[in-house]
Amino acid sequence: MKHIDQLRKRLGYFLVTCIALYLVVSVYLLLFPGATFINRKVTQYYEWFVLPGPFFREDRIRYVPRFSFRYKDKTGTWSEFRDIEKENFLKYHDGYFNYPHLKRSKYERFMARTLSKRIKAKKIDPAQSREFRELHAYLKANYLPPEIDSVELDYAWRYAQADTSVHQVYIKDFHIVYKPF
Amino acid sequence: MINSLATRLTSPVLERRPVIIFCKTLSLYVIVKVLLTWSVVSDIAAFHRFSQPKALWSWIVFGPAVWGSNHINGFLVAIVAIAIIALLVQPNYFIAGILAWLSFSFYRLIFPIANGSDQILLTLLFAAVPLSLWPRVENEKGSLVQDSVYNTTLLLSKLYIASIYLISGLDKLTSEAWRSGDAFTYIAQLDFIVNPGLASMIPESEGGTFVISWVTILFELSFPVLIWFGRTRLWACLVGVVFHLVIGVFLSLPDFAGIMVVSYLLFFSDSDYRKLFGLFKRKE
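Residues numbered from 1 in each chain as written. Chains lettered and ligands numbered in written order. Predicted model: local features only at pLDDT ≥ 70, side-chain atom pairs only at ≥ 80, totals over all residues. Heavy atoms only, no water.

Observations regarding a nonpolar patch on the surface
The following threshold applies: Like charges are joined within 9 Å and nonpolar side chains (Val, Leu, Ile, Met, Phe, Trp, Tyr) within 5 Å, but only among residues with over 30% relative accessible area and no salt bridge; these make up the patches. Accessibility throughout is a Shrake-Rupley quantity obtained with a 1.4 Å probe, and a residue counts as covered only by protein chains that appear here. Salt bridge, as used here: a side-chain nitrogen of Lys or Arg that lies within 4 Å of a carboxyl oxygen of Asp or Glu. Each helix is a run of H or I in the DSSP string that is no shorter than four residues. Each strand is a run of E no shorter than two, and both are numbered from the N terminus.
A cluster of nonpolar residues, Val-27, Tyr-28, Leu-31 and Phe-32 of chain A, forms a patch on the protein surface that exposes about 410 Å² of accessible area. Note on placement: Leu-31 of chain A falls in helix H1 (residues 2-31).

Here we look at the side chain of Glu-108 of chain A
Residues and elements named next belong to chain A. To be explicit about the condition: Throughout, exposure labels follow a simple rule: accessible area from a 1.4 Å probe, protein chains only, divided by the maximum for the residue type, with under 20% read as buried, over 50% as exposed, and the rest as partly exposed. Charge counting follows a simple rule: Lys and Arg are positive, Asp and Glu are negative, and His as well as the terminal groups are ignored. Counting of polar contacts relies on pairs of N or O atoms within 3.5 Å, with two restrictions inside protein: one atom must be capable of donating a hydrogen and the other of accepting it, and residues adjacent in sequence are counted only when both atoms are side-chain atoms. Only heavy atoms enter the contact rule, under which two residues are in contact if any of them lie within 4.5 Å.
Here Glu-108 shows up in helix H4 (residues 99-122). Arg-104 provides the closest opposite charge to the buried, unpaired Glu-108, separated from it by 5.2 Å. A polar contact is formed between the side chain of Glu-108 and the side chain of Tyr-138, at a distance of 2.6 Å. Beyond its immediate stretch of four places on either side in the chain, Glu-108 contacts Ile-84, Glu-85, Asn-88, Tyr-138 and Tyr-143.

Quick notes on the pairing of strand E2 (residues 148-159) of chain A
Residues and elements named next belong to chain A. How we decide: Only when DSSP finds a minimum of two bridges between them are two strands counted as paired.
With 11 of 12 residues buried, E2 lies mostly within the body of the structure. Relative to E2, strand E1 (residues 63-73) runs antiparallel, the two being bridged by 11 bridges. Of the residues in E2, the one forming a bridge with Lys-72 is Ser-150. Bridge count between E2 and strand E3 (residues 171-178): 7 bridges; the pairing is antiparallel.

Here's the deal with the interface of chain B and chain A
In plain terms, the rule: Buried area is understood as the total, over both parts, of accessible area removed when two parts are fitted together, assessed with a 1.4 Å probe. Residue classes follow a fixed rule: Ala, Val, Leu, Ile, Met, Phe, Trp, Tyr, Cys and Pro count as nonpolar, while Asp, Glu, Lys and Arg count as charged, and any other residue, Gly among them, counts as polar.
Between chain B and chain A, the contact holds 71 residues from the first and 58 residues from the second. Each partner contributes to the roughly 5900 Å² buried at the junction of chain B and chain A, and carbon and sulfur atoms together form 69% of this total. In terms of surface lost to chain A, no three residues of chain B exceed Phe-47, Tyr-186 and Phe-192 of chain B, which account for 12% of the buried area on that side. The interface formed by chain B and chain A includes 3 salt bridges. For Lys-103 of chain A, the salt bridge is made with Asp-255 of chain B, and the minimal N-O distance between the two is 3.0 Å. The interface formed by chain B and chain A includes 21 residue pairs in polar contact (both at pLDDT 80 or more). For the side of chain B that touches chain A, the elements supplying multiple residues, two or more each, are helix H1 (2-9), helix H2 (17-47), helix H5 (93-109), helix H6 (116-127), helix H7 (140-173), helix H8 (176-180), helix H9 (182-188) and helix H12 (254-264) of chain B. In terms of residues, the side of chain B that touches chain A owes the most to one element, H7 of chain B, which gives 16 residues. Residue composition of the side of chain B that touches chain A, grouped by class: 41 nonpolar, 19 polar and 11 charged.

Some thoughts on the environment of Val-77 of chain B
Summarising the element assignment, Val-77 of chain B is placed in helix H4 (residues 72-88). Classification of Val-77 of chain B as partly exposed rests on a relative accessible area of 48%.

Some words on the packing of aromatic side chains
Going by this rule: Any two of the Phe, Tyr and Trp rings considered here, Trp counted by its six-membered ring, make a pair once their centres fall within 6.5 Å; the pair's planes then place it as stacked at under 30 degrees, edge-to-face at over 60, or tilted in between. Both a distance and an angle decide whether a charge sits over a ring: NZ of Lys or CZ of Arg must be within 6 Å of the ring centre and within 35 degrees of the ring normal.
Under the counting rule described, the total for this entry stands at 30 aromatic pairs over all chains. Considering the side-chain rings of Phe-37 of chain A and Tyr-46 of chain A, the 5.7 Å spacing of their centres and the 65° angle between planes classify their relative orientation as edge-to-face. Site record: aromatic cluster; members linked through ring pairs are Trp-48, Phe-49 and Phe-110 of chain A together with Phe-62, Phe-104, Tyr-107, Phe-111 and Phe-126 of chain B. Its end group placed over the ring of Phe-62 of chain B, Arg-108 of chain B keeps NZ or CZ at 4.5 Å from the ring centre. Sitting over the ring of Trp-178 of chain B, Lys-172 of chain B keeps its end group 4.8 Å from the ring centre.

Examining the pattern of salt bridges
Taken as a whole and assessed by the stated rule, the structure comprises 19 salt bridges over all chains. For the salt bridge of Lys-86 of chain A with Asp-191 of chain B, the shortest nitrogen-to-oxygen distance reads 3.4 Å. Taken together, the residues span two chains, with Lys-86 of chain A in helix H3 (residues 84-94) and Asp-191 of chain B in the loop between H9 and helix H10 (206-226). Using a relative accessible area of 35% as the deciding quantity, one classes Lys-86 of chain A as partly exposed. In this structure, Lys-33 of chain B and Asp-255 of chain B form a salt bridge, with 3.2 Å as the shortest nitrogen-oxygen distance. Taken together, the positions of Lys-33 of chain B in helix H2 and Asp-255 of chain B in helix H12 put the pair 222 residues apart, joining distant regions of the chain. The class for Lys-33 of chain B is buried, based on a relative accessible area of 6%. Asp-255 of chain B sits in the buried class, given a relative accessible area of 5%. Residues participating in the shared-partner salt-bridge network are Lys-103 of chain A together with Lys-33, Asp-118 and Asp-255 of chain B.

As for the sheet that holds E1 of chain A
Pairing between the strands of a sheet is mediated by backbone hydrogen bonds and can be parallel or antiparallel. Residues and elements named next belong to chain A. What counts, and what does not: Angular values range over 0 to 180 degrees, each being the angle between N-to-C directions of two axes fitted as lines to C-alpha atoms, with helices fitted over their stretch in contact.
Here 3 strands make up an open sheet; going across it, the order is E1-E2-E3 and the pairing antiparallel. Here the strands that pair on one side only, and so sit at the sheet edges, are E1 and E3. Each strand axis lies, on average, 10° off the axis of its neighbour in the sheet, ignoring direction. On top of the sheet, H4 reaches E1, E2 and E3; it is set at about 95° to E3, its chief contact.

Overview of the packing of helix H3 (residues 56-70) of chain B against H5 of chain B
All names here are of chain B. Using the following cut-off: Angle categories are assigned with fixed cut-offs, so that under 35 degrees is roughly parallel, over 145 is roughly antiparallel, 65 to 115 is roughly perpendicular, and the rest are oblique. By convention the crossing between two helices is left-handed if the near helix lies anticlockwise of the far one by an angle smaller than a right angle, and right-handed if it lies clockwise.
At their nearest, the axes of H3 and H5 sit 8 Å apart, and the two run at 55° to each other. Judged on the interaxial angle alone, H5 and H3 are oblique. Considering the relative orientation of H3 and H5, their crossing is right-handed. Where H3 approaches H5, its residues Ile-60, Val-61, Phe-62, Pro-64, Ala-65, Gly-68 and Ser-69 are matched on the opposing element by Trp-101, Leu-102, Phe-104, Ser-105, Arg-108 and Leu-109. Looking at the contact of H3 with H5 residue by residue, the classes come out as 9 nonpolar, 3 polar and 1 charged.

Some points on the packing of H2 of chain B against H5 of chain B
Residues and elements named next belong to chain B. Between H2 and H5, whose axes approach to 11 Å, the crossing angle comes to 35°. Considering how the two elements wind past one another, H2 and H5 form a crossing that is left-handed. Residues Ser-27, Val-30, Lys-33, Val-34, Thr-37, Val-41 and Ile-44 of H2 touch H5, and the partners they reach there are Leu-99, Phe-106 and Leu-109. Residue composition of the contact of H2 with H5, grouped by class: 7 nonpolar, 2 polar and 1 charged.

With respect to the nonpolar core
Note the threshold: In these notes, a set of buried Ala, Val, Leu, Ile, Met, Phe, Trp, Tyr and Cys residues joined through side-chain atoms within 4.5 Å is what counts as a nonpolar core.
Leu-139 and Leu-153 of chain A together with Phe-22, Leu-26, Ile-120 and Leu-124 of chain B are the most contacted members of the largest nonpolar core, which totals 127 residues. Element by element, the count of residues in this core is highest for H2 of chain B, at 13 residues. The contacts of Phe-22 of chain B, once residues within four sequence positions are left out, are Leu-124, Leu-131, Val-262, Ser-263, Leu-265 and Leu-266 of chain B.

Remember that the coordinates give geometry; whether it matters functionally is a separate question.
Following this line, the structure appears as structure tokens:
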């Protein structure tokens, strides 16, 4: 009986120490963003698992992207530009059980954004990138007709402004015209 | 205070019902999430290339994702099947562990469409493993350790949920855009998240955005405090449910609303459930 009480006491103090450590490390990482705990990788996992957020950060809510594409058929006529991300987003709001459309819209936004990041980061020919091939394969499977001459991709973004009466100018990001493969 | 906390953490588990309800609701959430994203996840698996694990531990952790990227339907069937079992049987370490493990791979597969709700879901699924508390260890030492780990995980999970609000609240408090109310003017311009049918309801006047900004900040800062006291807990949860439903509908974040509401179940005690069930019984 005495032995189990001793174990209970030790275990209790150990667990209190664990909770205190959790609180100290969390407060430390919150007060000093960019600081490391043990090493960078452990800190990343810790922040990911234990300290999610903050959500709706100022820099995130100011970035307004716009992705659209069009294609030229064999007769040389260009189609209208399509903003598929917006189309799917609106489909989600058209009914009660259209959740997949919301996620599809998010996937399309993700692909355009990652391609933009790749082009900026690596300064490579976009056609050589994995991100470009993914986007093209997705468009080909879901939106592009089988027989086309070329495809034009357009990605731009703007900063949301506090004064909405000012004309909102989009900044060109990538503009790619290519022959489908 | 330290002694009292240590005693509390090592005391036998008395209230199981709230955690059992939480674990089962979490499983239900996984089922709904997988079923609703099935078609999109299939597309992602077809087009998005996943980097192959290199280290042995990485293979063990992400093995299901590697298999799933080539056999997406089989993987999704497996995760739904495990979640259904978790929903039907008594929470246990084995099933909860497999569900958390598969969900980690699921997260990796849905990474392009994931948001904060998936991150929170994953952490809660891992917390659900020690919270399962079955099979019970028969000897005294074993059950002491088992109960203590359970109590500590429960407390850490509650702290985790509270910290989500605190982190967001503090960030907003230090942000000029949130303090002035401009943040809502920015959000209103995010046409890829704002519900087009309700966009006109977001106030345009400076006073209106200022008020809703501060309501958001005050809620996020007060929730992590009010949730710990019996008198205010149910009210905090009630306001929280309304808060998340409004965000879920206005800002097209139904999954985030869902997981936050599910997480509130952790804070309920047996007596809260008795009150709740008593309310229905009286009505009958």
